[in-house]
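Chain by chain, the residues:
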Amino acid sequence: EKGGYEHYMRKEIHEQPSALRQTLSSRLDVDRGEVDLDLDFPQGYLESLEEIQFVACGTSYYASQYTAQLLEEFADVRATVTIASEYEFEGGRDPWRTLVVAVTQSGETADTLGAIRRAAGAGARTLAVTNTLGSTVTRETNDTLFIRAGPEIGVAATKTFASQVATLALLTVAIGRGRGALSTADARDVLEDLRALPGAVQQVLDEEEQVLAAAREYQDSDAFFFVGRRFGYPVALEGALKLKEISYDHAEGFAAGELKHGPLALVSDQTPVLAVLTTGADGDETRNNLTEAQTRRAPAIGVVTAGIRTKSLDWALEVPAVGVFEPLVANVYFQMFAYHIANLKERSIDKPRNLAKSVTVE
Ligand code: F6R
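Bear in mind that the values here come from a model prediction, so they are computed numbers and not experimental data.

1. Notes on helix α9 (residues 208–218)
When α9 is considered as a whole, its buried residues turn out to be E208, V211, L212, A214, A215 and Y218. Angular distribution of buried residues about the axis of α9 spans 160°; they occupy a single face of the element. Structural note: α9 exposes E209 and E217 on the side pointing more than 90 degrees away from its buried face. Those residues of α9 that are buried are in contact with α1 (8–14), α8 (184–205), β8 (224–228), β11 (300–305), β12 (315–319) and α12 (326–344).

2. Looking at the pairing of strand β5 (residues 98–103)
Summarising burial for β5: 6 of the 6 residues are buried, a large majority. Residues T98, V100 and A102 of β5 are buried on one face, and the alternating residues L99, V101 and V103, pointing to the opposite face, are buried as well. Sheet topology note: the strand β3 (residues 51–56)/β5 ladder contains 5 bridges and is parallel. From the neighbouring strand, I52 faces β5, where its bridge partner is L99. Where β5 lies against strand β6 (residues 125–130), 5 bridges are found, and the strand directions are parallel.

3. A short note on the side chain of E51
Relative to the elements of secondary structure, E51 occurs in strand β3. Look past the residues within four positions of E51 in its chain and what remains in contact with it is V77, R78, T80, R93, R97, T98 and L99.

4. Some words on the nonpolar core
Within the largest apolar cluster, 94 residues are counted, with the highest numbers of intra-cluster contacts made by I52, L194, F224, F226, F325, Y333 and F337. Per-element accounting of this core gives the leading share, 12 residues, to α12. In contact with F226, not counting residues within four places along its chain, are A236, G239, A240, L243, A251, E252, G253, F254, L274 and F334.

About the criteria used
Residues numbered from 1 in each chain as written. Predicted model: local features only at pLDDT ≥ 70, side-chain atom pairs only at ≥ 80, totals over all residues. Heavy atoms only, no water. Buried < 20%, exposed > 50% of the residue type's maximum accessible area, 1.4 Å probe, protein only. Helix = DSSP H or I, 4+ residues; strand = E, 2+ residues; numbered from the N terminus. Arc of directions from axis to C-beta. Contact = heavy atoms within 4.5 Å. Pairing = 2+ DSSP bridges. Core = buried A, V, L, I, M, F, W, Y, C linked by side-chain atoms within 4.5 Å.

As structure tokens, this is what we get:
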């Protein structure tokens, strides 16, 4: 059932290339720079849209943060992200010009359902992005987009995160094209990178031995810090969440630029810092922030674009060049790192203590 893997989580990490292929299947036309998502927005709706609001929790919140940046960059639309339990439809917005997107792999998260009900109550159009056919969220929104990752059994979300971001990247292209904000050539570039994503993830999965060796070296650390900028920032937050939830170790994610504004006080030779240094993550600036941590003797693990020379890292983990999706591929290293730290400690990886796969209470 686990296909020869000891845990569902590891199986699902390794399923990401096929999950992503399924997510993208027959939805992109790279040559024409178009996508087909089978979404019927009313005539003139996308052009008049002023704001896209994401509501989500946990890992789905980080996928939304990734997407908000994609939308600002490729679809010229304001995008905001709110933790679902904190969401209110606030004044000063025209509900007709505001699309509220619920990102929830299970489709049953009570906090997210509550947020979407408040949005619908205010008259906003709503869209669900989910992995689960027939889930509650699909019945309570105007439209649904399925991420098609296949069933995920491990409590820690892995392949659903990758498929959420890939689906939302397709939505970004659809909205950018629909608004006349994204040229054919630019859309083609994004779609080419997306098409290369499953192969890029596979190349990273093939480096698992390296990750296991790093996990062995650092398993007894006091804490783990993850840092990144731009698309690397939500990935840093996601990397820390994954590690804490399955290993029970202290892990925190920061915007790389924030290290010097406080967290640096926690850094020592017992706190490895994992950094996203790829394209799409302002690698050079983040490298400088990582150096500040290294000066305090922190071990440095950097995820870098393949072929870019990086000096004096304790570990340099390479991702193939896929533009703004490189941080998403970097996340696969963080997933494997969290898995191996937890596995070395013999944690209950698929069912961490105190956590449930879908959280149906507010
Ligand atoms: C972390 C994790 C949770 C979920 C969150 C939202 O690995 O799985 O943080 O992402 O509970 O769940 P969904 O996406 O089902 O709304």
